[in-house]
Amino acid sequence: MTSAPTTVPPASRGAESLALLLLVGGMIGVIFPVTKVAQAAGVPPLPWAFSMMLGAGAILAGLARFKRQPMPVTGRYLRYFAVSGLLSMALPNVVLFFVMPWLGAGLSAVVYTLPPILTLLMALAVRIETPDRGRAVGILLGFAGALMIVGPRGSLPSPDLAGWMALAFVMPASVAAGNIYRTVAWPPGAKPVALAAGTMLGGAGWVALALLLTGAVTELPALGLAPWLALLQIAVTALTYVLYFRLQVVAGPVYLSQIGYVATSVGLGTGTVLFGERYSPWVWSGAAVIVAGVLLVSFGRRFAR
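Computed from a predicted structure; not experimentally measured.

Engineer: Got a minute to help me understand the overall build of the protein chain in this structure?
Structural biologist: Regarding its fold elements, the protein chain presents twelve helices and zero strands. Shown N-terminal to C-terminal, the secondary structure of the protein chain runs as helices and strands in the order α-α-α-α-α-α-α-α-α-α-α-α. Across the 305 residues in the protein chain, those meeting the buried criterion constitute 55%. Sequence separation of at least 24 residues holds for 90% of the intrachain contacts in the protein chain that already meet a minimum separation of 6. Surface summary for the protein chain: the accessible area is close to 12,700 Å², and the carbon and sulfur share equals 71%.

This is the structure:
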């Protein structure tokens, strides 16, 4: 088992970590409305996911080559790309694209509040994190905000959506497992951009397999219904995951997992402003509690001193 990347100590917090957290979470939050618009234009889920991962992976691979960050094709690296691509990219994104037509951009984003607590529990189980009191309280505060959103008084506009919401919970479990896997399996000396490229291409490989097995490969021409949206999604995704892997290096998996809190807040906001989705006061109160939790985790170590 390989230790976490140590370019910058995981305990390092501050302006860079918080800025990366807000940027990455915000850009992931943008994925929800862009995807909803593409689906409204008639683009099916699997071709959309495949184009996003393949295009972003190609951009990242080119960037890695430009930065002279090699992408070895040894067994260890290929295993890393396959597993991290499945957990971090293919599974959560495919589930997202299937549930969004039913749940909307805002509710689809809501489940991204759960990776931090799941990542923390997994990190404690494999003994790669021992959070201080301030960070632990911040994470639990964010989780309390999540419960306010998904609780019985919260967000589902119809009981018929319970099954789709249950499927949506596959996303945070997969994201959390991916956070832990990327940390413990990070190859010695590997560079973030190269691993981001390999992860993205690994995810594209899994989606390509799904396209072949389901016969949905014939739906690929439907990308022509929203070509500019596809290009926007590819560009945003490539930039997101350059910063995503940098955040993992400087802050560790538990801190990184809080991007879900930011993405949820952005998803709720865009769902309301762009699509007229409406949520109860409990949802908005929960979002405010989540923001407080992010800030406490960001500066909790400082407050605990």
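Having seen the structure, we can now continue with the description.
Engineer: Teacher, can you tell me more about the environment of valine 30 here?
Structural biologist: Tracing the chain through its elements places valine 30 in helix H1 (residues 15–40). Each C-alpha atom, one on valine 30 and one on threonine 264, is 10.0 Å from the other, the two residues being 234 residues apart in sequence.

Engineer: Explanation requested: the pattern of salt bridges in the structure shown.
Structural biologist: A side chain with one charge may pair with a side chain of the opposite charge, provided their charged atoms come close. Taken as a whole and assessed by the stated rule, the structure comprises one salt bridge. Across the pair arginine 246 and glutamate 16 runs a salt bridge whose closest N-O atoms are separated by 3.0 Å. One end of the pair, arginine 246, is in helix H9 (residues 227–251); the other, glutamate 16, is in helix H1, and 230 residues separate them in sequence. Residue arginine 246 is classed as partly exposed on the basis of its relative accessible area, which comes to 28%. The class for glutamate 16 is partly exposed, based on a relative accessible area of 39%.

Engineer: Can you walk me through the packing of helix H2 (residues 45–66) against helix H8 (residues 192–214) in this structure?
Structural biologist: Packed helices, taken two at a time, are described by the angle between their axes plus the distance between the axes. Their axes nearest at 8 Å, the elements H2 and H8 cross at an angle of 150 degrees. Taken as axis vectors, H2 and H8 run roughly antiparallel relative to one another. Handedness of the H2/H8 crossing: left-handed. Residue composition of the contact of H2 with H8, by class: 23 nonpolar, three polar and no charged.

Engineer: Honestly, the packing of H1 against H9 in this entry has me stumped. Any pointers?
Structural biologist: Between H1 and H9, the shortest axis-to-axis distance is 9 Å and the interhelical angle comes to 155 degrees. Judged by the inter-axis angle, H1 sits roughly antiparallel to H9. The two elements H1 and H9 cross, and the hand of that crossing is left-handed. In the contact of H1 with H9, the residues fall into 19 nonpolar, five polar and two charged.

Engineer: Can you help me understand unusual backbone geometry in this one?
Structural biologist: What is expected of a backbone is that most residues other than glycine have negative phi and most peptide bonds are trans. For arginine 68, which is not a glycine, the phi torsion comes out positive at approximately 60 degrees. Owing to a relative accessible area of 78%, arginine 68 belongs among the exposed residues under this scheme.

Engineer: I tried to follow the confidence of the model for the protein chain on my own but got confused; where do I start?
Structural biologist: Low pLDDT means the predicted coordinates in that region are not meant to be read closely. In this model, the protein chain carries an average pLDDT of 79, and 82% of its residues clear a pLDDT of 70 or more. The weakest mean pLDDT in the protein chain belongs to helix H12 (residues 281–304) at 67; the strongest belongs to H8 at 93. The model gives residues 6–12 a pLDDT under 50, and that stretch makes 14 contacts with residues more than four places away or in other chains.

Conventions and cut-offs
Residues numbered from 1 in each chain as written. Predicted model: local features only at pLDDT ≥ 70, side-chain atom pairs only at ≥ 80, totals over all residues. Heavy atoms only, no water. Helix = DSSP H or I, 4+ residues; strand = E, 2+ residues; numbered from the N terminus. Buried < 20%, exposed > 50% of the residue type's maximum accessible area, 1.4 Å probe, protein only. Contact = heavy atoms within 4.5 Å. Areas by Shrake-Rupley, 256 points an atom, 1.4 Å probe, with all protein chains shown as cover. Salt bridge = Lys/Arg side-chain N within 4 Å of Asp/Glu carboxyl O. Axes fitted to C-alpha atoms, helices over the stretch in contact; angles between N-to-C directions. Parallel < 35°, antiparallel > 145°, perpendicular 65-115°, else oblique. Left-handed = near helix turned anticlockwise from the far one by under 90°. Nonpolar A, V, L, I, M, F, W, Y, C, P; charged D, E, K, R; others polar. pLDDT = per-residue confidence, 0-100.

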